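# Understanding the architecture of this molecule
Chain residues, written in single-letter form:
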Amino acid sequence: MKLNCNVIRDLLPLYADQICSGESRELVEEHLAECGNCSALLRQMHSTEIETSLKLETEDVLRHQASFFKRKSALVGAVIAGIFMIPVLVCLIVNLATGAALDWFFIVLASLITAASLIVVPLMMPENKLLWTMGTFTASLLLLLGVICIYTQGRWFFVAASSVLLGFSVCLLPVAVLTKPLKVLLGNQKSLTVMTSATLFFGLMMLSIGLYTKSSEFWKIAPAVSLPILVFVWVLFLLIRYVKISGLLKAGICTTSIGVFSFYADYFINIWIGQKISFPVFSPFVWKESTIDGNVKWLCLLCCAFVGIILIIFGIAKGGKRKG
Ligand SMILES: [Zn+2]
């Protein structure tokens, strides 16, 4: 009986797939009639077979659905793009008919391209939708600003463009670097890329504002205000990203140093640009107009230091425990 079971179990897969010879089938069926274990094994085989085929079928259906939706959304995108063309054509005809020199037509065109970048691009792009949308939206927004600037004969294009790029590099770039192509391209340099581009666009923005305002006062104040903040932010970034200590310790150091920095920055920056300013005085029991500023600064410093030092103590205690 035992030997029989083993022989039968070798045959079972062939029997289940109905590819064994007639003699084998008879042998197996005879055995199954009196052996509960082997019958159970056969039932199990059938059920896993069904599971696998169900799974394959589900995958197939899902794949079909996905490609169907991809085709549909490309079609919807094309239709919407066509609808966008209607106002463009109407404006073009009106503009030419009224004899205007196509000036405001380009504003309409650029605005519609900006809108299309948000609506049509995500529908039509088969892959990397988010990245394409962000890229085309940024480019078309810059185009729109440029066209309006030319139309209004302004000199403000670089101020507006660099501010937009700074805003995007702070808000959109951290999301964009997580999309597949950039993730692969940048590897471990994602946060460094975001920080560097934000810094570059900040510099570009300050430069544009300086050139736009043409004021010598700006060149005195702007570096005094922005350089310490830039250096501080970079030190915090390098600490958070590259120093190998526990998260609690990092949080503690950051909180404390933000408190200390914001307490002193105002004072030293004012001295740097030659403003007379007195060192903040703490008078917690006198809340008058003359003491509020100093009191608030001191309270911020004390709160940050308090929370920061608690975090540092917990960080050190936890680190010590792990080593021990
Ligand atoms: Zn058996």
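Report follows, based on the coordinates. Here the structure is a predicted model, which means the values were calculated and not measured.

Counting its secondary structure elements, the chain contains twelve helices and zero strands. The order of α-helices and β-strands along the chain, N terminus first, is α-α-α-α-α-α-α-α-α-α-α-α. Relative to a compact globule of 324 residues, whose C-alpha radius of gyration would be 20 Å, the chain shows 35 Å and is clearly more extended. Here the C-alpha coordinates of the chain stretch approximately 105 × 80 × 35 Å along the principal axes. Across the 324 residues of the chain, 12% fall into the buried class.

Here helix H3 (residues 36-97) contains 62 residues, and its C-alpha end-to-end distance of 91 Å stays within 8% of the 92 Å for a straight helix at 1.5 Å per residue. Positive backbone phi, at 80°, marks Gly 99, one or two positions downstream of H3.

Along the chain, Ala 78 falls in helix H3. You can call Ala 78 partly exposed: it has 13 C-beta atoms within 10 Å. Note: C-alpha distance between Ala 78 and Met 124 (46 residues apart in sequence) is 7.2 Å.

Attention now moves to the environment of Phe 282. In this fold, Phe 282 is placed in the loop between helix H11 (247-272) and helix H12 (289-323). In contact with Phe 282, other than residues within four places in its own chain, are Gly 294, Asn 295 and Trp 298.

Next up on the list: the environment of Thr 193. If you trace the backbone, Thr 193 turns up in helix H9 (residues 190-213). The exposure class assigned to Thr 193 is partly exposed, which follows from the 17 C-beta atoms found within 10 Å. Separated by 24 residues in sequence, Thr 193 and Ser 169 have C-alpha atoms that sit 9.6 Å apart. Apart from residues lying up to four places away in sequence, Thr 193 is in contact with Val 177 and Leu 186.

In this section: the packing of helix H10 (residues 216-242) against H11. One can describe the packing of H10 onto H11 by two numbers: an axis separation of 10 Å at closest approach and a directional angle of 170°. In terms of orientation, H10 and H11 fall into the roughly antiparallel class. Judged by residue contacts, Ala 224, Val 225, Pro 228, Phe 232, Leu 236, Leu 239 and Ile 240 of H10 engage Lys 250, Ile 253, Cys 254, Phe 261, Ala 265, Ile 269 and Trp 272 from H11.

The next point concerns the packing of H9 against H10. The geometry of H9 relative to H10 is characterised by a closest axis approach of 12 Å and an angle of 175° between their N-to-C directions. Classified by the angle their axes make, H9 and H10 are roughly antiparallel. Facing Ser 191, Met 195, Thr 199, Met 206, Ile 209, Gly 210 and Thr 213 of H9, the residues of H10 in contact are Phe 218, Trp 219, Ala 222, Ser 226, Leu 230, Phe 237 and Arg 241. Its residues assigned to classes, the contact of H9 with H10 comprises eight nonpolar, five polar and one charged.

Now for the nonpolar core. Core analysis: the biggest nonpolar cluster contains 15 residues, and Leu 165, Leu 166, Ala 198, Phe 201, Phe 202 and Met 205 have the highest contact counts within it. Going through the elements one at a time, helix H5 (129-151), helix H6 (157-171), helix H7 (173-176) and H9 are the ones with two or more residues in this core. Among the elements that make up this core, the one with the highest residue count is H9 (six residues). Listed in part, the eight residues of the second largest apolar core include Leu 112, Val 120, Val 121 and Val 147.

Taking 1.5 Å of rise per residue, the 23 residues of H5 would be expected to cover 33 Å, and the 32 Å separating its terminal C-alpha atoms lies within 8% of that figure. For H5, every residue scored as buried is listed here: Thr 133, Met 134, Phe 137, Thr 138, Ser 140, Leu 141, Leu 145 and Val 147. Remark: Gln 153 follows H5 within two positions and exhibits a positive phi of approximately 55°.

Definitions and limits used
Residues numbered from 1 in each chain as written. Predicted model: local features only at pLDDT ≥ 70, side-chain atom pairs only at ≥ 80, totals over all residues. Helix = DSSP H or I, 4+ residues; strand = E, 2+ residues; numbered from the N terminus. Rg over C-alpha atoms; globule rule 2.2 N^0.38 Å. Buried ≥ 20, exposed ≤ 12 C-beta atoms within 10 Å, placed from the backbone. Expected span 1.5 Å × (residues − 1). Contact = placed C-beta atoms within 7 Å. Axes fitted to C-alpha atoms, helices over the stretch in contact; angles between N-to-C directions. Parallel < 35°, antiparallel > 145°, perpendicular 65-115°, else oblique. Nonpolar A, V, L, I, M, F, W, Y, C, P; charged D, E, K, R; others polar. Core = buried A, V, L, I, M, F, W, Y, C linked by C-beta atoms within 7 Å.

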